[in-house]
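Each chain, written out:
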Amino acid sequence: MPGEMHQRTLPLFVRGEVVKGFGRGSKSLGIPTANYPEEVINRLPEGLDTGVYYGWASVDGTKVYKMVLSVGWNPFFKNTKKSMETHIIHSFPEDFYGTELRVCITGYIRQESTFPSMESLIEAIQSDIRIAQEELDKAEHQTYNSHSFLTDKSLTRKSEVVLG
């Protein structure tokens, strides 16, 4: 059943370089995303459900922010390549391609799905963001916002995926 695999794989810690994605997050949706390269996506646990997740993120191991993340094929856009797109719930003054994005995925919201219109997709993403913000205020998720994986400057690997 979709959504069950996440229970065995979370928390999931991922880090890698931010690369250019499809260019739709900011331009089409008004919801900027940071994208991981294919090498990181290929390291995700086998059987990890596609869909929308939430957790914590840091850029270059600095301040930690709430985030919502999509893993999958983005059926609305009919992607032929699997992607992993992170929306950090914070306004950054500029793009940060080439930096290191670290995430700690702590929860699952829903399966990926298609939508009848761009407006309904945007509404669903806004709802996902609200759900993520509420869930991340709960004690069981708060414990991860100070996890050393997000801020430890001594980590030397360029990219990795680690089961919690």
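Details of the structure are given in the entry above.
Predicted model, so just to flag it, every value in this text is computed and none were measured.

Of note, Gly 51 is situated in strand E3 (residues 51-59). When the C-alpha positions of Gly 51 and Arg 110 are compared, they lie 5.6 Å apart, and in sequence the two are 59 residues distant. The residues touching Gly 51, leaving out its near neighbours within four places in the chain, are Leu 69, Ser 70, Val 71, Tyr 108, Arg 110, Gln 111 and Glu 112.

Strand order in the open sheet formed by seven strands is E2-E5-E4-E3-E6-E1-E7, and the pairing between neighbours is antiparallel. Two strands lie at the open edges of the sheet, namely strand E2 (34-35) and strand E7 (160-163), each paired on one side alone. The pairing of strand E4 (residues 64-72) with strand E5 (residues 83-88) spans six bridges and is classified as antiparallel. Bridging from a neighbouring strand, Val 68 pairs with His 87 of E5.

Moving on: the pairing of E4. Along E4, nine of the nine residues are buried, which leaves the element largely enclosed by surrounding structure. Relative to E4, E3 is paired through eight bridges, and the arrangement is antiparallel. Looking across to E4, one finds that Tyr 53 is bridged to Leu 69.

At the junction of Leu 10 and Pro 11, the peptide bond is cis and its omega measures out at 5° in the coordinates. Take Pro 11: it is sitting in the loop between helix H1 (5-9) and strand E1 (12-17). Positive phi is not limited to glycine here, since Asp 60 has a value of about 55°. Note on placement: Asp 60 falls in the loop between E3 and E4. For Asp 60, a relative accessible area of 37% puts it in the partly exposed group.

Right, let's talk about the packing of aromatic side chains for a bit. Applying the stated criterion across every chain yields a total of four aromatic pairs. With a centroid separation of 5.2 Å and 55° between ring planes, the pair formed by Phe 13 and Phe 149 is classed as tilted. Residue Phe 13 is found in strand E1, and its partner Phe 149 is found in helix H6 (residues 148-151); the two are separated by 136 residues along the sequence. For the ring pair Tyr 65 and Phe 92, a centre distance of 5.4 Å and an interplane angle of 75° mean the geometry is edge-to-face. Taken as a pair, Tyr 65 in strand E4 and Phe 92 in the loop between E5 and strand E6 (100-110) lie far apart in primary sequence, 27 residues in all. Among the residues examined, Phe 92 registers a relative accessible area of 28% and is labelled partly exposed.

As enumerated under the stated definition, the model contains six salt bridges in all. For the salt bridge of Glu 100 with Arg 102, the shortest nitrogen-to-oxygen distance reads 2.6 Å. Like Glu 100, the residue Arg 102 is buried in the burial classification. Notably, a salt bridge pairs Glu 135 with Lys 138, separated by 2.9 Å at the nearest N-O pair. Taking relative accessible area as the criterion, Lys 138 reaches 37% and is therefore assigned partly exposed. Bridged by salt links that share partners, the residues Arg 15, Glu 100, Arg 102 and Glu 160 form one connected network.

Procedures and definitions
- Sequence order sets the numbering: in each chain, residues are counted from 1 along the sequence as written.
- Per-residue local features of the predicted model are confined to residues with pLDDT of at least 70, and side-chain atom pairs are confined, for both listing and counting, to 80 or more; whole-chain, interface and lining totals are unaffected and use all residues.
- Excluding hydrogens and water, the side-chain values take into account all heavy atoms of the structure.
- Every helix listed is a DSSP run of H or I at least four residues long, and every strand listed is a run of E at least two residues long, numbered separately from the N terminus.
- Should any heavy atoms of two residues lie within 4.5 Å, those residues are considered in contact.
- The rule for pairing is simple: two strands pair if DSSP sees at least two bridges between them.
- Working definition: with a 1.4 Å probe on protein chains only, accessible area under 20% of the residue-type maximum means buried, over 50% means exposed, and in between means partly exposed.
- Here a Phe, Tyr or Trp ring, Trp counted by its six-membered ring, pairs with any other such ring whose centre lies within 6.5 Å, and the pair is stacked when the planes are under 30 degrees apart, edge-to-face when over 60, and tilted otherwise.
- Basic side-chain nitrogens of Lys or Arg form a salt bridge, by our definition, when they fall within 4 Å of a carboxyl oxygen of Asp or Glu.

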